[in-house]
Amino acid sequence: MSLTVREYDFANSLPPLAIHEDPTGQWSLGVAGTIWDSSYVLARYLEKSLAQQPITNQSKILELGAGLGIVGMSLARFLPSAHIVLTDKSDRLKLLQHNVQSNNSTATVAGYDWETPTSAIEEQNWDMILVSDCIWEPSLHTILLQALHRLMKSTTVLLMAYEVRNEPVEEQFLDFLRHSCTLQYIPTEEMDEQFQSDDIRIIRAQLTATS
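Rules of the game
Residues numbered from 1 in each chain as written. Predicted model: local features only at pLDDT ≥ 70, side-chain atom pairs only at ≥ 80, totals over all residues. Heavy atoms only, no water. Helix = DSSP H or I, 4+ residues; strand = E, 2+ residues; numbered from the N terminus. Rg over C-alpha atoms; globule rule 2.2 N^0.38 Å. Buried < 20%, exposed > 50% of the residue type's maximum accessible area, 1.4 Å probe, protein only. Contact = heavy atoms within 4.5 Å. Lys, Arg positive; Asp, Glu negative; His and termini not counted. Charge placed at Lys NZ, Arg CZ, Asp CG, Glu CD. Salt bridge = Lys/Arg side-chain N within 4 Å of Asp/Glu carboxyl O. Pairing = 2+ DSSP bridges. Axes fitted to C-alpha atoms, helices over the stretch in contact; angles between N-to-C directions. Core = buried A, V, L, I, M, F, W, Y, C linked by side-chain atoms within 4.5 Å.

Looking up the chain in an unreviewed UniProt entry gives the name Methyltransferase-domain-containing protein, with the organism given as Umbelopsis vinacea.

Shown next, in the form of structure tokens:
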């Protein structure tokens, strides 16, 4: 198993997460085999702002396109009794599951393809949905929007981080999301001072009252 290990450090004294990556592509995971910068920014933002977030140890939290699991696993360290489910396409779960197990995380892993309605995932009342760097590819926009439409309830908070690579394309996705949701950009001063970038943004969204 030819993997590299990168540590994710918390801002406080918690032991770091050891995240196994597949930078050479031997596991054929594609973009899900390496860590994307926006996942660091979102994870550290959640750590810094946890007291202000509408989630507790009794919450249900879903991560879409979880990749290697940094965001969901880091949150599980602070909310070990919460129901935190990390999802990705079924053929990309092997390394995600390996990271969850090797870090003794209380998060769980499940396959979820945005194109395929899945009642076990979509019928739950999620308090928060996490998405990190999933709008870089325009062909994913429609199926992600459809999945969010099926998943989000009136009380669900969506936190989405992304790196600006092609702003017109990313704004197109956000414009479609605004048809059903109210969006708010998280100010950089609310993010972790060490884990932020002018090119990485975090959006908070909730369904509008009429959606």
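What follows deals with the overall build of the chain. Within the chain, the regular secondary structure consists of 6 helices and 9 strands. Here the C-alpha atoms of the chain give a radius of gyration of 16 Å, agreeing with the 17 Å that 2.2 N^0.38 yields for 211 residues. In terms of overall dimensions, the chain has a C-alpha envelope of 50 × 35 × 35 Å along the principal axes. Within the chain, the fraction of its 211 residues that count as buried is 49%. Counted over contacts in the chain with a minimum sequence separation of 6, partners at least 24 positions apart contribute 69%. Side chains of the chain carry 14 positive and 27 negative charges; the gap between the two charge centres is 5 Å.

This model, assessed by the stated rule, comprises 9 salt bridges. The residue Arg 201 makes a salt bridge to Glu 167 at a minimum N-O spacing of 2.8 Å. Linking Arg 201 in strand β9 (residues 200–207) with Glu 167 in helix α6 (residues 167–178), this pair joins segments that are 34 residues apart in sequence. Look at Glu 167 and you get partly exposed, because its relative accessible area is 36%. The salt bridge partner of Arg 178 is Glu 171, with a shortest N-O separation of 3.8 Å. When salt bridges that share partners are traced, they join Arg 44, Glu 47 and Asp 192 into one network.

Sheet architecture is open: 7 strands sit in the order β5-β4-β3-β6-β7-β9-β8, paired in mixed fashion. Two strands lie at the open edges of the sheet, namely β5 (108–111) and β8 (181–185), each paired on one side alone. Along the sheet, successive strands turn relative to each other by an average axial angle of 20 degrees, direction set aside. The sheet contact formed by strand β7 (residues 157–163) and β9 spans 6 bridges and is antiparallel. Its bridge partner being in β9, Glu 163 is matched across the sheet by Ile 200. With respect to the sheet, α6 is in contact with β7, β8 and β9, its orientation differing from that of β8 by roughly 135 degrees.

Here Ser 59 lies in the loop between α1 (37–49) and β3 (60–64). By relative accessible area, which is 4% here, Ser 59 ends up buried. Each residue touching Ser 59, except ones within four places of it in the same chain, is listed here: Pro 54, Ala 82, His 83 and Asp 127.

So, about the nonpolar core. Across soluble globular proteins, you tend to see nonpolar side chains buried next to one another. Counting residues in each nonpolar core, the largest one holds 40 residues, and the members touching the most others are Leu 46, Ile 61, Leu 75, Leu 159 and Ile 202. Broken down by secondary-structure element, the contributors of at least two residues to this core are β2 (17–21), α1, α2 (70–78), β4 (83–88), α3 (93–102), β6 (128–132), β7 and β9. Here this core takes 6 residues from α1, the largest share from any one element. Residues in contact with Leu 46, not counting those within four places in the same chain, are Gln 53, Val 71, Leu 75, Met 128, Leu 130 and Leu 159. Core analysis: the second largest hydrophobic core is formed by 29 residues, Val 85, Tyr 112, Trp 114 and Leu 148 among them.

Now for unusual backbone geometry. Located in the positive-phi region is Asn 104, a residue other than glycine, with phi close to 50 degrees. Assignment of secondary structure puts Asn 104 in the loop between α3 and β5. Overall, the relative accessible area of 69% leaves Asn 104 in the exposed class. A positive phi angle is found at Asp 133, which is not glycine, with a value near 55 degrees. Residue position: Asp 133 is located in the loop between β6 and α5 (141–151). In this structure Asp 133 comes out as buried when scored by relative accessible area, which is 5%.

Moving on, we come to α5. Where α5 is concerned, the buried positions are His 141, Ile 143, Leu 144, Leu 145, Ala 147, Leu 148 and Leu 151. Lining the buried residues of α5 we find β3, α4 (119–122), β6, β7 and α6.

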